[in-house]
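So the chains spell out like this:
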Amino acid sequence: MDQLIVTLLSTFHNGQWLSIIAHVKNYYKKLYYDNPERLKCASFVQEFRSQLIWSFAIGYGIYFSCCGYLEWSYSVRRQSQTVEWKCQPNKWLTWQLYLDQIKWGVVGLACTNIVSALFATNFTCGGYSTLYLEFNSYSWIWWILQWPIIFLYQDYTTYWIHRMYHSRFLFVNFHYLHHRYYQPTSWSVTALHPVEILTLQASSMLPVFVIPVHWLSFSLIILYNYYHGIIQHSGINLKPFWWQPWQPDVMFHDLHHKYVNVNFGFNCYIWDQIHDSIKK
Ligand SMILES: [Zn+2]
Ligand SMILES: [Zn+2]
């Protein structure tokens, strides 16, 4: 039940969804394809302002309700039963670090929301993209194939970007911010240095500019990633569902925060097995 609620709440966790909404909006207005010059915005600034308001309202609304719910449900209500649910039962962040992760979580989200609003405005104003809306624009085989391709691309590049941020210079200057939370909570999902979170966002958005991507598959894969981003930082020892044999449990990323140089992957533990970086 808890996982279901988080799934629903995390649907609009990040402003990247605005890009999709902008496309769908254009489509149903019959402007995107019918107009050979594509839609010309009356005012880029005006459009950007409205995208920004939505981006912030949705982004922060979900961040606080989703993470707040998990914290209330476990850290507050089940505080006396930590052995049953907490990855690190006897260890907690200091109050100072606890508030710090929320502060940086808010900053990280602001960065992605601003960039997402820019993307969405660009799309709404007829900017370049390879996202498509009609199922029959490409073959059904491609529609099925793109799911694992996008998922594996995003997860594997995230693995390497993460490993890259563990090199000395990048770790000290950027990634260490996220690693001060040895006992992460869901608030720390976006508590990343602005440079790092924007690198990750750019990488995950890349398919929308490179290969034909149907809006539904892209949206649901992003939803999947957000859901697990929140869950994996929750510190709550949840297991993946039976239909996710590729998916590590919450302990996997919790161990990354605890031991630092192991378990760099997110949604597939196989990358760490292949590259021999898994916690033995
Ligand atoms: Zn790390
Ligand atoms: Zn983390």
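Notes on the structure in this doc start here. (Residues numbered from 1 in each chain as written. Chains lettered and ligands numbered in written order. Predicted model: local features only at pLDDT ≥ 70, side-chain atom pairs only at ≥ 80, totals over all residues. Heavy atoms only, no water.)

What to know about a nonpolar patch on the surface
- Taken together, Phe241, Trp242, Trp243 and Trp246 make up a surface patch of nonpolar side chains, about 520 Å² in accessible area.
- Within the secondary structure layout, Phe241 lies in the loop between helix 10 (215-232) and helix 11 (250-259). (Patch = residues over 30% accessible without salt bridge, like charges linked within 9 Å, V, L, I, M, F, W, Y side chains within 5 Å. Areas by Shrake-Rupley, 256 points an atom, 1.4 Å probe, with all protein chains shown as cover. Salt bridge = Lys/Arg side-chain N within 4 Å of Asp/Glu carboxyl O. Helix = DSSP H or I, 4+ residues; strand = E, 2+ residues; numbered from the N terminus.)

A word on the coordination of the zinc ion (ligand 1)
- Within the first shell, the zinc ion (ligand 1) binds the protein through His162 (NE2), His166 (NE2), His175 (NE2), His179 (NE2) and His256 (NE2), at distances of 2.1 to 2.2 Å.
- Binding-site remark: the zinc ion (ligand 1) is held by donors from one chain whose sequence spacing is H-x3-H-x8-H-x3-H-x76-H.
- Separating the zinc ion (ligand 1) and the zinc ion (ligand 2) is a distance of 6.0 Å. His175 carries the same exposure label as His166, and that label is buried. (Donors = N, O, S within 2.8 Å, 3.2 Å for Na, K, Ca; no water. Buried < 20%, exposed > 50% of the residue type's maximum accessible area, 1.4 Å probe, protein only.)

Topic: the coordination of the zinc ion (ligand 2)
- Coordination of the zinc ion (ligand 2) by the protein involves His178 (NE2), His233 (NE2), His253 (NE2) and His257 (NE2), with metal-donor separations of 2.1 Å.
- Classification of the site at the zinc ion (ligand 2) rests on its four donor atoms, whose angles at the metal span 90 to 170°, yielding the label irregular.
- Using a relative accessible area of 3% as the deciding quantity, one classes His178 as buried.
- Residue His233 is classed as buried on the basis of its relative accessible area of 4%. (Tetrahedral: all angles 85-135°; square planar, octahedral: opposite > 155°, others 65-115°.)

A short note on the nonpolar core
- In this structure, Tyr63, Tyr74, Trp187, Ile236 and Leu238 are the most contacted members of the largest nonpolar core, which totals 21 residues.
- Of all the secondary structure elements, the ones that give two or more residues to this core are helix 3 (44-76), helix 5 (95-124) and helix 10.
- If you tally residues by element for this core, the top one is helix 3, at seven residues.
- Grouped together as the second largest cluster of nonpolar side chains are 16 residues, Phe151, Val208, Ile221 and Ile222 included. (Core = buried A, V, L, I, M, F, W, Y, C linked by side-chain atoms within 4.5 Å.)

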